Amino acid sequence: MLRDLILRKLLLLPLLLTVVPVVAQSMLPHVGTSSPVQDCGLTISGKVLDHDTRTALPGATIYIPQLDRAAIADAYGNYHFHHVCQGTYTLKVSFIGYATEAYSYRITTSSVRDLQLHSDAAMLRSVEVVSSRLLTESQATEVLSGRELEQTRGLSLGESLEKLPGVSSFQTGPNVSKPVIHGMSGSRVLILNNGVRHEAQQWGDEHAPEIDALAATELKVVKGAAGVRYGSDAIAGTILVNPSPLPDSAGMSGNIGLIGNTNGRMGTIAGLLQGRLKQQPISWRLHTSVKKAGDSHTPDYNLKNTGFEEQNLAATLGYNKEKFGAEAYYSLFHTKIGLLSSAHIGNTTDLLYAIERGYPEQTGEFSYNIARPYQDVNHQLLKLKGYHTTGNLGKLLFTYALQQNVRDEYDKDASKANPEAPELHLDLLTHTTELVWEHELPSAISGSMGVSTLWQDNTYEGRMFVPFYRSFTAGAFVEEKWRKDNLQLEAGLRYDYKNMDVKRRDRENNLQQPSYSFHNLSGSAGALVDVGYHFTFGANVSYASRSPHANELFADGIHHGTASYEVGNPDMVSEHAINASATINYHTNPKLNGGISFFYNTISNFIYLQPDTVPELTIRGSYLSYFYKQADSRFYGADLSLSYAFTDRLNLDTKATIVRAYNFEEDQYLPNIPANRLNAELQYELGELGNGNFKDSFVAIGGLAVARQDRSDEQTDPYMAAPEGYFLLQAEAGTKIHIGRQPVELSISGNNLLNTVYRDYQNRLRFFAAETARMLLIRVNLPLLFKTES
Amino acid sequence: MKKLLRPYLAVLLMGSLITTTSCGDDDNPAPVVDRETITTVKLSLEPQGKEGTLVTASYEDLDGPGGNPPVIPQLTLKAGTTYDVDLTILNKTENLNSEIIDEANDHQVYYTSTPANLMTVTVTDKDSQNRPLGLTATIVTGNAGTGELKVVLKHQPGTKGSPTAGETDVEAKFNVVVQ
């Protein structure tokens, strides 16, 4: 019923998209002057600093050749350029005794850019810094944005994040991928979608995050326990999916993106429209994307029933005054994902036959048809946010969000009594509120403090996998930073109370209503030192607790994908993690830049699924029995990223990730831990080609090497040993052309170009089929600039 | 601060009000209804020419997966004898054989005797394409001995013919004594 309704709403979407701009246009005041083509009220400002000492450089000159305008830094090192139009500008900074540097920025909104100069007088060559990796937090963080993010367009959120060191993904076939940070996923990885805790059935290994990756302009990953700010359960890390801020200058702009994938013949169309009214501080944005894909294929065969479709809609309305503002946001996500039909099996004997066979029993021909087994998921988010400044000290923010996650899972064989109904229907309703005071005190202290609540109601129909439950969580936190000269100290503390009332049927159909309450404390302390010579050191120790999920307490059922029987443990307690990390960054250098971070995470009562030695015997034969257990465990490893600029056009980027994980209580390996990964890419900037007809052109070639997971054995993988390591060849190219006055951005990314046949340890369907073959992602992007009516 | 907290509490209360009214406290998980699960595999063996001396045994898992495991029953047979076999697949008392016959082209029952010389099983019924189905069969016992008979019902849409293909619907075991 609900699905029909949502689909109907989706059908209205194109209509909406055509109507809204017209409405917005007509709302724009018609000024009778011939105003310039685009918005030119932007400001570029910032400070000019000595890179090593961080002292201001009053008197430094900043020159923008594109505008032929110059400014001189004032007594505090501050500079300003007012009435700047949108565009890409070079800021040439010079000062006596310092090397002249040129920074290029794409300016779309009023921006603050701090410019740093090197006192090395011998270094006279100008340096173009495309992106700098300055640390602002003591915890290891990674950001995917700009061109790097553009090159993941067309991939799911989980696959996009794999670009970052320390992040991998846990997959179920080609279309379901869950982000994994430092070897952990599910409810230990918190996803903040547009500032709201994403609440869905995250516990399921085959439940990918219900988020449109195309709506984000920045993906940020905070690695390590980030419980203080976002809630105690973020033991592994936090992923922030951020859209760009609403436009802050009057006018309207948009974007149309087309993406095609040769493997699965996926087609995607995405549209963005945004604007700001002239006389009212009201901004708005509409974003939509529609994806449709058929069966993927491996180098040797078609993967039957692996198509998917996805529809997204997001609308934002903002009202921003200097002292207060409000924002309303609504998003709708719907997906239907086919699951490899041959991965649905009867019992362990069937599984062993499938492994022995080495390929899926049914391959078939390419088709867009999605048959059983499949998932159909709807996620809706409504967010209301308001803020008010508190004098000069900061601002008070209030956020309320309502989320509904409806997940329908259809088994391979329909029920005869009710063939249209899903075998599993899960409905999760979540209300979250948060009140935060973000402040910046005159005494070099900044931070935030606040309270938050989370209320959830989970119900199901059909098969029982998670019980009915209602839970309420209330938390309070404070997090402060103190910064002076080149030292920054951070500390934070949080307390959460969680109550959960469960309703479930036992085997005799009697209603049971157990209640749980948990008290969880989180804390963190860190330091960041800028030691000069382009080195920054960060160290952080954090503590976080996670309450067991209803699934871990009460699971009791069969997983047909792996012929396993999962059993929960109602007596489980919270797990507690102490996470220590150290980060070294070597940055803003002309040639070599990079960072390395180490982590050491000790988790007491770590909850995981352990294969039982005694199989579960049923009328369908034996199933491998898994039970949720708790054991003191340890995760440690390192993430490395290095880049080397051979020339100002040729650059090598390298990223490596190592994770080790053990249950040290019983001296065992933990299952499903990502293997060592190394990613390298050589990029060549072609710049302008063909008399300036092709701009911002580049080519890149690279590869991903993944080792075999040697830290696995019969105990972690009772059926099939971890697959061999593999290497994938990747390449990318892109350019920008103009068709008439319309700029067109073109790019192509190729993965597995050598058509390597391989299996990945992190794919749950590795027993049944190989990974996908060569794929080419082709993107056409049309930025739209609308003339203001005159 | 107090003034600012007030709307927060109001929204919080409003939120909980909406949810408590939308789903009252009497919402309980529906009792688990029996789906078309198979609980029982029944073998009836009748020695040829000796009507009435029926040997029967049932492999049962009445409480489904996760409860008590099924008990492996025993078949006591006479050496050097030919038996007519009737296999019945049940959901408690409901006979599901007709459903299997309706989908005979997608199903097959495989009989495996361990050791192999304990008995010879020959399927006697066919599907519409003249391929074996296996709800009826004959068993010819060998010399005295003990072993096991495994009865596997496979769902094999489009892949019928090999015991390694398809999805297992039933896997039942019987201890066999031939004397």
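Residues numbered from 1 in each chain as written. Chains lettered and ligands numbered in written order. Predicted model: local features only at pLDDT ≥ 70, side-chain atom pairs only at ≥ 80, totals over all residues.

- As annotated in an unreviewed UniProt entry, chain B is Type 1 periplasmic binding fold superfamily protein from Pontibacter populi.

## What to know about the interface of chain B and chain A
Interfaces are often sized by the amount of accessible area the parts lose when they come together.
(1) Moving on: Contact with chain B, which involves 35 residues of that partner, is made by 43 residues of chain A.
(2) Moving on: Taken together, the elements giving at least two residues each to the side of chain B that touches chain A come down to α1 (2-22) and β10 (167-178) of chain B.
(3) Moving on: In terms of residue count, the dominant contributor to the side of chain B that touches chain A is α1(B) (seven residues).
(4) Moving on: Per-class residue counts for the side of chain B that touches chain A are 16 nonpolar, eleven polar and eight charged. (Contact = placed C-beta atoms within 7 Å. Helix = DSSP H or I, 4+ residues; strand = E, 2+ residues; numbered from the N terminus. Nonpolar A, V, L, I, M, F, W, Y, C, P; charged D, E, K, R; others polar.)

## Structural notes on the sheet that holds strand β3 (residues 74-77) of chain B
All names here are of chain B.
(1) Moving on: The sheet built from four strands is open, its strands ordered β3-β10-β9-β6 with mixed pairing. Only two strands of the sheet have a single partner each, and these edge strands are β3 and β6 (107-114). Each strand axis lies, on average, 25° off the axis of its neighbour in the sheet, ignoring direction.
(2) Moving on: The sheet contact formed by β3 and β10 spans four bridges and is parallel. Each bridged residue has a counterpart across the sheet, and for Thr76 the counterpart in β10 is Val177. (Pairing = 2+ DSSP bridges. Axes fitted to C-alpha atoms, helices over the stretch in contact; angles between N-to-C directions.)

## Brief notes about the nonpolar core
Residues and elements named next belong to chain A.
(1) Moving on: Within the largest apolar cluster, 62 residues are counted, with the highest numbers of intra-cluster contacts made by Leu161, Ile235, Ile239 and Val241.
(2) Moving on: Broken down by element, the residue count for this core peaks at four residues, all from strand β13 (residues 189-193).
(3) Moving on: Excluding residues within four positions of it along the chain, Leu161 makes contact with Leu144, Val167, Ser169, Pro179, Leu219, Val221 and Ile239. (Core = buried A, V, L, I, M, F, W, Y, C linked by C-beta atoms within 7 Å. Buried ≥ 20, exposed ≤ 12 C-beta atoms within 10 Å, placed from the backbone.)

## A closer look at the pairing of strand β12 (residues 176-181) of chain A
Every other side chain in a regular strand lies on the same face of the sheet, so the side chains alternate between the two faces.
Residues and elements named next belong to chain A.
(1) Moving on: Extensive coverage of β12 is indicated by the burial of six of its six residues.
(2) Moving on: Bridge analysis of strand β11 (residues 167-172) against β12 gives six bridges, and the strand direction is antiparallel. Bridge assignment links Gln171 to a residue of β12, and that residue is Ser177.
(3) Moving on: Between the antiparallel neighbours β11 and β12 lie three residues, among them Gly173 with a positive phi of about 70°.

## Overview of the sheet that holds strand β10 (residues 141-145) of chain A
Neighbouring strands of a sheet are bound in pairs by backbone hydrogen bonds; such pairs are parallel or else antiparallel.
Residues and elements named next belong to chain A.
(1) Moving on: Read from one edge of the open sheet, five strands run β10-β15-β16-β13-β14, paired in mixed fashion. The sheet terminates laterally at β10 and β14 (196-197), the two strands that pair on one side only.
(2) Moving on: Where β10 and strand β15 (residues 218-223) come together, five bridges link them in antiparallel fashion. For Glu142, the partnering residue across the bridge sits in β15 and is Val221.

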